[in-house]
Amino acid sequence: MSPAPAVAVAGAGADETRRLAGEVARVLDECRASLAVHPRKLRELAALRSSSASGGRFLPAFCTALTPLFQILRRSPASDRVARFAAAFASASASAAGDGGDGFLEGFLRFLLAASAAAHRPARFRSCQIISEIIMQLPDDAEVSDDIWDEVIEGMKVRVQDKIHAIRVFAVRAVSRFAIDEDDGGIIDIFLEALEKEQNAEVRKMIILSLPPSNATLEAIIESTMDTNESVRKAAYSVLSTKFPLQSLSIKQRTTLLHRGLSDRSVPVNNECLKMLKDEWLVKHCGGDVIALLRLLDVETYESVGESVMGVLLKDGAVRVQDGHTIRQYFTTNPEADEQVSSIKPMDAEVALYWKVMCRHLQAEAQVKGSEAATTTGTEAAVYASEASDKNDLLEGVLPSTVAEYVDLVKAHLSAGPNYHFASRQLLLLGGMLDFSDSMNRKVAGSFLYELLIRPLEHEVDEDGNQIAIGDGVSLGGDREWAKAVSELAKKVHASVGEFEMVIAIVVEELARPCRERTADFMQWMHCLAVTGLLLENTSTLRSLEGKAIEPPELLQSLLLPAAKQNHVDVQRAALRCLCLFGMLQNKPGTELVKQLRLSFINGPDLVSAMASKALIDLLTWHGPQVLDQAIGIEPDANDEKTQFAPVDISDLNDDDLNVGVLSILFSGFHKDDWEFSLEGDNHDNVPTILGEGFAKVLLLSENYASISSDLHPVILAQLVRLYFLEGTKELGRSITHFAPYIYLLLSCSTLTFFCLSRLKQCLSVFFMHYPSLSDKHKRCVSSAFVPLMRAMWPGIYGNAGGSGPVVSKRRKYAVQAARFMVQMVQTPLFSTESTDQATMSPESLPSSPSPSVDFDISEEGLAIRIAVEVANCQEKKSAPGKAYAVALCKVAVLLRFRQSEQKAIKCMRGLVSTLAASTSSDKELVKELAQMASRLKSLDECPEEELPQDQADAIFEKLGLDGGIKLDANPVVPPTPAPRSVRAAPTRRRARRAPSSSDDSEAEAEAEAESLDITSVSRVPATPSMTAARAQRASKTAALSKFTAAAPSDSEQDEQSDVTTDEDPSDEDSS
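For the structure given in this document, a descriptive report is provided here. Treat the numbers as computed from the prediction; the structure is a model and nothing was measured.

It is worth spelling out the overall build of the protein at this point. Assigned secondary structure in the protein consists of 44 helices and four strands. Classification of the 1072 residues of the protein by burial places 48% in the buried group. Restricting the contact set of the protein to residue pairs at least 6 apart, pairs at least 24 apart contribute 72%. Just so you have it, the protein exposes about 52,200 Å², and 51% of that area is on carbon and sulfur atoms.

Have a look at this one:
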């Protein structure tokens, strides 16, 4: 072919392509208005594609017409409609009926993959969006080669790591259809890795929705039910409901999910969990049988979860009493016998729990309807009264007909063995709903209660023939819930004034006889002490025990104190618990009682020391530390204001050393490093955990303990923060297998069986959240505790141990975390004070001439001055740990902001900034930040030329409790010293012109400050020519880079201003 015809054909093809591109652009433009026109426009565009002279020209035309969509910076509903239309057309063209063999989809996908790798953010976003829509809408009979899918998967796997969260969302959505099995090319592994590190909630939600059901993904989805974002938690429950059948979950996982979901603070999450529970688990898997559902939850181990499940189902109306279903159906009569003797069929644990919760629900509803009937009149009152009557009739029809039948029912379960102990306790709690107004009913129930109280504790015998008590060892029946059920029934039966105490005291006196005669074994001691604890726990005053079978002095001297001196650990623990209850009922605790508790804490085994610490903490918070000290002969000194706790080594403390106060002895428990920790038994019996919670309570209620010096509050707070940030801290929700001293204080598990370390973590989290917000005294305590805390936590200084490089690095990391945490507490606004508004306002928002305030010591200004003085006075800042310590403190100081009302604090800090810069001269970035801080302070200073007199600075230091203080720098901004010129003259360069701005001025001022601060931080040694030349070269490079970056904004800078990654989704965008 000659050249002229070839050119003519090429021109005709180009014209045809331009015509097709125009037609496609017109169709795409019309699709922007509404989704309703999309079906018609799909047919129109398909006809255009079929009528084109050559199918090969349609793809370039389509891509050309769609290219402007990739250049739109702002995401809008109209542009999203166009993207969805393009994806719908591409997916429809790939079907067998859509002539999918011409390669349009494959070519279009390659075009999109090229755009997904572009540097332009909108192009990457739109390409990933369209690819995900194509994959989601693609029919099953689509004809696409495996090679193109491999390219798509690899390209989207790269985009999953994109820095724009909206791109990551669509990339995850695009490959989710391929994550179906283990042979997915590592997609599931990428998802799990990204889920663990992802910071954006929308991306985490999309990953959760995209995970397939498998053992590898189940744990990750369950962990997401504790996500900080409620939409992620809701998505996790939705996925668990639809993708994981009930039988695929273990009992522990089921109860964990229900515990978290039903107690979640978010209503949508509650509703999603209830939907999973009711629609999937109850109806679909259990056929509507709530008893079958409870059997799948192991209510004997997870009783609270079973009660919550029953409660929400009853409230929702999903569970009702079936006709003919009552407790009486478990009584069976043999008609062939001469006497009508009833036999009782024992209930399963699930059935007993079901009836307990059901009867409580009916009783509560009857009481509510009765109250509403009493507060209304007319027809409405009659309706409410009728409903209350119906509920009461239903309750009476469910419960046993007489008290005697009820007693027989409970006895039958007690005699059935330990396997029915749980059912016995559930039935025992039903006794409060029966009527004991009749004397015969009270007599029958009283006889039954006597049998329960004298019933021996259950025990086992080991291989050596030793008896081992079953249960916690301190409560009646070995179970706190059982003891509570017995006490509630006893108070219901013996409701007269003083009758309860009289009946229980008779039982105690009877059980105490062998103990006083020294013929009882440890099981008898424990049984007697358990009943004694039941009596003391339900008695309001010791006066109610006077004149009874055993009076308070006899109870203390002949039973409790001798029991505390027994050799058996469980007997000692039970005795100490009773001593604590006894002391709380006294107006002032006795001398012998306090001495015994101190002695048990100091010399007892770890479990005994834990119980003693509980008792001392409870008595301390109830009576106050001064009362406990007076009980052992320590009189308070009005002139003695303690600033530190007395140094006590409880390991070497003598029994007769009564000169140390109770508070000091308890605080010394933090420093004992040989406390043992066991995951067996009662996990709350751990001394550091008990002390941490107790001292947090003391600080929170410090207004009630005037005898505790306010100077001790920062010491206590610093110790609590150290507990919270000790080495080994793990993220809440991580399980642990290895414990080192104190490390366990900060770790937690994600199961329902929370260890004590999890409880301490949660307790301190809530404490730190509220403590600084309650009063200005608390904030002053936080500010005062900062420097002592940093001194105690930083390794290698002030006598602290160092260690290997990794150990030191890790300890420094936790110290920095603690410092930033303290700054957040200082920045927390007060709940209700006159200075709250000023404390939370930025310097720019304050008036130009504010009135001076006196609360700088509880705000960021006081903390900044404390840090500056600490850095200036640090004696070890010339050593490597000291230098790192100073740098860390200065990095915290630059985060603090000053209010314009605090002019004296501003001037004081201006005089200290140069000292900070001199101590951190090795860190140039930090010196620059300090210069910026100095610039901010100068702008806030109303009279920047005036200096703060030294006497006023000393007054500020005295108010902050800084002994000695420091002398302020009279010239905080030192003019730069000109360096000698280089021998080699630097070539002249032409400066690029640009319009001056206020930011340029501030930056220039900051640079000048930085230069002056930097010069003050170096020694006064003349610079050599080689040093000067090196400086000139560095300055030349810096100037060249600054000029280069000051050029016109590049495409990437324009992308920074793009709103394509906005979190707002189009209002009309439907989820696919």
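Moving on: helix H28 (residues 606-623). When the terminal C-alpha atoms of H28 are compared, their 25 Å separation across 18 residues agrees well with the 26 Å that a helix rising 1.5 Å per residue should span. In terms of burial, H28 is largely enclosed, as 13 of its 18 residues are buried. Once H28 ends, the next one or two residues include Gly624, with phi positive near 105°.

Okay, the packing of helix H4 (residues 77-93) against helix H5 (residues 104-116) next. Packing of H4 against H5 brings their axes to within 8 Å, and their N-to-C directions diverge by 140°. With respect to H5, the element H4 is oriented oblique. In the packing of H4 onto H5, the handedness of the crossing is left-handed. Facing Ala86, Phe89, Ala90 and Ser93 of H4, the residues of H5 in contact are Phe104, Leu105 and Phe108.

Note on placement: Met156 falls in helix H7 (residues 146-159). Given the relative accessible area of 0%, Met156 is considered buried. Considered as a pair, Met156 and Ile131 are 25 residues apart in the sequence and their alpha carbons are 9.0 Å apart. Among all residues touching Met156, those that are not within four sequence positions of it are Leu113, Ser116, Cys128, Ile131, Ala171, Ala174 and Val175.

Attention now goes to the nonpolar core. With 310 residues, the main nonpolar core has Ile865 and Met909 as its most contacted residues. By residue number, the principal contributor to this core is helix H24 (residues 522-537), which donates 11 residues. The contact partners of Met909, leaving out residues within four places of it in the chain, are Ala864, Ile865, Ala868, Phe898, Leu916, Met933 and Leu937.

Evaluation of the coordinates by the stated rule reveals 41 salt bridges. Notably, a salt bridge pairs Asp162 with Arg124, separated by 2.9 Å at the nearest N-O pair. Taken together, the residues span a long stretch of sequence, with Asp162 in the loop between H7 and helix H8 (165-175) and Arg124 in helix H6 (residues 121-137) at a distance of 38 residues. Residue Glu537 is joined to Arg480 by a salt bridge in which the shortest nitrogen-to-oxygen separation is 3.0 Å. With Glu537 in helix H24 and Arg480 in helix H22 (residues 480-493), this pair connects stretches of sequence that are 57 residues apart. Exposure remark for Glu537: the relative accessible area of 37% places this residue in the partly exposed category. Here the salt bridges share partners, and the residues they tie into one network are Glu23, Arg26, Glu30, Lys41 and Glu44.

Further remarks concern H6. Taking 1.5 Å per residue, 17 residues should reach 24 Å; H6 reaches 24 Å between its end C-alpha atoms and fits that length. Among the 17 residues of H6, 15 are classified as buried, and the element is accordingly described as predominantly covered.

The subject of this paragraph is the side chain of Arg866. Tracing the sequence through the fold places Arg866 in helix H37 (residues 860-873). On the basis of relative accessibility, which here comes to 6%, the residue Arg866 falls in the buried class. A distance of 3.4 Å separates a polar atom in the side chain of Arg866 from a polar atom in the side chain of Ser784. Ignoring sequence-local partners within four residues, the contact set of Arg866 consists of Ser783, Ser784, Val787, Asp857, Leu960 and Leu962.

Another point: empty space enclosed by the protein. Tallied over the full model, the rule gives five cavities of 30 Å³ or more. The space that makes up the largest cavity amounts to roughly 110 Å³. In terms of lining residues, the largest cavity is bounded by Leu414, His421, Leu452, Arg455, Pro456, Leu457, Glu458, Leu476, Gly477 and Trp482.

Turning our eyes to something else, we now look at the packing of aromatic side chains. In this structure the tally under the stated criterion is 26 aromatic pairs. Plain terms: the ring middles of Phe62 and Phe108 are 5.3 Å apart, the flat faces sit at 75° to each other, and that makes the pair edge-to-face. Within this pair, whereas Phe62 is found in helix H3 (residues 55-66), its partner Phe108 is found in helix H5, the two being separated by 46 residues in sequence. Centroid distance Phe670 to Phe695: 5.6 Å. Interplanar angle 50°. Geometry classified as tilted. Residue Phe670 is located in the loop between helix H30 (662-668) and helix H31 (687-700), and its partner Phe695 is located in helix H31; the two are separated by 25 residues in the primary sequence.

Now for unusual backbone geometry. Phi is positive for Asp298, which is not a glycine, with a value near 50°. Examined against the element boundaries, Asp298 turns out to sit in the loop between helix H15 (290-295) and helix H16 (303-316). A positive phi angle, close to 50°, is found at Tyr798, a residue other than glycine. On the accessibility criterion, Tyr798 (33% relative accessible area) is partly exposed.

Let's shift gears to the packing of helix H34 (residues 776-793) against H37. Contact pair H34 / H37: the axes reach a minimum separation of 9 Å and the direction vectors enclose 30°. If you check the angle between H34 and H37, you find them roughly parallel. Taken as a pair, H34 and H37 cross one another with a handedness that is right-handed. Two secondary-structure elements touch here, H34 through Ser783, Ser784, Phe786, Val787 and Arg791 and H37 through Gly862, Leu863, Arg866, Ile867 and Glu870.

With respect to the element layout, Val267 can be found in helix H14 (residues 267-285). On a C-alpha basis, the gap between Val267 and Lys234 in space is 9.9 Å, while along the polypeptide they are 33 residues apart.

Attention now goes to the side chain of Arg233. With respect to the element layout, Arg233 can be found in helix H12 (residues 230-243). Reaching out from Arg233, the side chain makes a polar contact with the backbone oxygen of Thr228 at a distance of 3.4 Å. Apart from the residues lying within four places of it in its own chain, the contact partners of Arg233 are Ser224, Thr225, Met226, Asp227, Thr228, Asp264, Ser266 and Val269.

Let us now look at a nonpolar patch on the surface. Among the surface-exposed residues, Leu700, Leu701, Leu774 and Phe831 lie close enough to one another that they form a single nonpolar patch of about 350 Å² accessible area. Within the secondary structure, Leu774 is located in helix H33 (residues 756-774).

Here is what the cut-offs are and how they apply
- Residues numbered from 1 in each chain as written.
- Predicted model: local features only at pLDDT ≥ 70, side-chain atom pairs only at ≥ 80, totals over all residues.
- Heavy atoms only, no water.
- Helix = DSSP H or I, 4+ residues; strand = E, 2+ residues; numbered from the N terminus.
- Buried < 20%, exposed > 50% of the residue type's maximum accessible area, 1.4 Å probe, protein only.
- Contact = heavy atoms within 4.5 Å.
- Areas by Shrake-Rupley, 256 points an atom, 1.4 Å probe, with all protein chains shown as cover.
- Expected span 1.5 Å × (residues − 1).
- Axes fitted to C-alpha atoms, helices over the stretch in contact; angles between N-to-C directions.
- Parallel < 35°, antiparallel > 145°, perpendicular 65-115°, else oblique.
- Left-handed = near helix turned anticlockwise from the far one by under 90°.
- Core = buried A, V, L, I, M, F, W, Y, C linked by side-chain atoms within 4.5 Å.
- Salt bridge = Lys/Arg side-chain N within 4 Å of Asp/Glu carboxyl O.
- Polar contact = N/O pair within 3.5 Å; in protein donor to acceptor, adjacent residues only side chain to side chain.
- 1 Å grid on protein atoms, 1.4 Å probe; cavity = no way out; pocket = protein on both sides within 12 Å on 5 of 7 lines; lining within 4 Å.
- Points joined across faces, edges and corners; volume = space filled by probe spheres on them.
- Phe/Tyr/Trp six-rings, centres within 6.5 Å; stacked < 30°, edge-to-face > 60°.
- Patch = residues over 30% accessible without salt bridge, like charges linked within 9 Å, V, L, I, M, F, W, Y side chains within 5 Å.

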